[in-house]
Amino acid sequence: MTAAPARPRILSGMRPTGKLHLGNYLGALQNWVALQDTSDNLHMVADWHALTTDYEHVDQLETNTREMVIDWLAAGIDPEKSPVFIQSRVKEHAELHLLFSMLVTTSRLERNPTVKEQIRDLHLEETVSYGHLGYPVLQAADILLYKANLVPVGEDQVPHVELTREIARKFNALYGEVFPVPEAKLTHFPRVPGLDGRRMSKSLGNTVLLSDSPEDIAAKIRTAYTDPKKIRATDPGNPDGCVVFAYHRAFNAAAAPRVAELCRAGQLGCVADKKDLAAVLAEQLAPFRERRRELEAHPKRVDEALKHGEERARAIARRTMEEVREAMKLP
Ligand code: TRP
């Protein structure tokens, strides 16, 4: 295995889900922004991946891509340092995916725990598509096309990085050293719950968006789940399991211990607590909203970032594919 270079290359990808929420930020985006100064980053919109589950609903794909990229840039991704691009614009992903698909058995794909869980959740036991089952192979192509050393992902994506490593090793053993064997870089973050206490997810309708206005934030936080046993403001409450407190911990860390203390002592009612939290959140997200407004006013900047990112990604992808074809004796 080749040692990771001093400045590792990082490929990160996200499906285009539209405007991002606090969970997306803490779980991924915040980490991407932090990594910009110590590594070479490429940020990819995984629009082909979105088709694995949503091939019937393509109307929103373009808007969702754009809104997500605006959020990336507003959150501090600097497209000069870290190219941002759309997967489907760089066709080399498809070519490498096809070649990799020869190196993977179908039973290996069927054992992937994340895919298995999706199949179960979406009731696709009898109807899972070839493309859906094979999306981890496409992900391997995404990663190896750029010879990435690190892939920042959450726990659920680790099986895909494992498969990527197997494919890289197999390719190198069969055709010669072309690919580094990449590693997953797990993002450890305080998992923030959605407003109802379940996992924060667009499909569950329980999100706070990074782009929400202070009024939206206040209205949403008013509905957040709190300790059901705390009925009156003066009842002592339990902050563990309270959504409002989880947000305090994530976005108001310095004040959180005091909030917990007052809640437990029956000196802080939920209504007042929610008001305080909404104000803190709105203030923390103010610079983000401001940058977003700027980008919305200058859509060309977003176009430029994507165009420039695509060119840089394509240049790397082309070089890799030349090596791949040569190693595989393809013309
Ligand atoms: N599969 C990832 C997800 O669902 C998205 C993704 C596609 C990705 N290609 C990638 C993530 C490459 C990291 C690297 O979230």
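Scroll up a little and you will see the structure.
Criteria and cut-off values
Residues numbered from 1 in each chain as written. Predicted model: local features only at pLDDT ≥ 70, side-chain atom pairs only at ≥ 80, totals over all residues. Heavy atoms only, no water. Helix = DSSP H or I, 4+ residues; strand = E, 2+ residues; numbered from the N terminus. Buried < 20%, exposed > 50% of the residue type's maximum accessible area, 1.4 Å probe, protein only. Contact = heavy atoms within 4.5 Å. Pairing = 2+ DSSP bridges. Right-handed = clockwise from strand over helix to strand, strands pointing away. Axes fitted to C-alpha atoms, helices over the stretch in contact; angles between N-to-C directions. Parallel < 35°, antiparallel > 145°, perpendicular 65-115°, else oblique. Left-handed = near helix turned anticlockwise from the far one by under 90°. Nonpolar A, V, L, I, M, F, W, Y, C, P; charged D, E, K, R; others polar.

## Remarks on the side chain of His-93
Then comes step 1: Inspection of the secondary structure puts His-93 in helix α4 (residues 92-101).
Then comes step 2: Residue His-93 is classed as buried on the basis of its relative accessible area, which comes to 0%.
Then comes step 3: When sequence neighbours within four positions are dropped, the list of residues in contact with His-93 reads Met-44, Trp-48, Phe-85, Gln-87, Leu-138, Ala-141, Asp-142, Leu-145 and Tyr-146.

## What to know about the pairing of strand β1 (residues 9-14)
Then comes step 1: Sheet topology note: the β1/strand β2 (residues 40-45) ladder contains 6 bridges and is parallel. What sits directly across from Gly-13, in β2, is Met-44.
Then comes step 2: Following the chain from β1 across helix α1 (residues 22-35) to the adjacent parallel β2, one finds a crossover that is right-handed.

## A few points about the packing of helix α3 (residues 61-74) against helix α14 (residues 286-297)
The packing of two helices is summarised by the inter-axis angle and the distance between the axes.
Then comes step 1: Here α3 crosses α14 at 125 degrees, and the two axes come no closer than 9 Å. In terms of their interaxial angle, α3 and α14 are classed as oblique. By crossing handedness, the relation of α3 to α14 is classed as right-handed. Only Phe-288, Arg-291, Arg-292 and Leu-295 of α14 make contact with α3, whose side of the interface consists of Glu-67, Ile-70, Asp-71, Leu-73 and Ala-74.
Then comes step 2: Residues that form the contact of α3 with α14 fall into these classes: 5 nonpolar, no polar and 4 charged.

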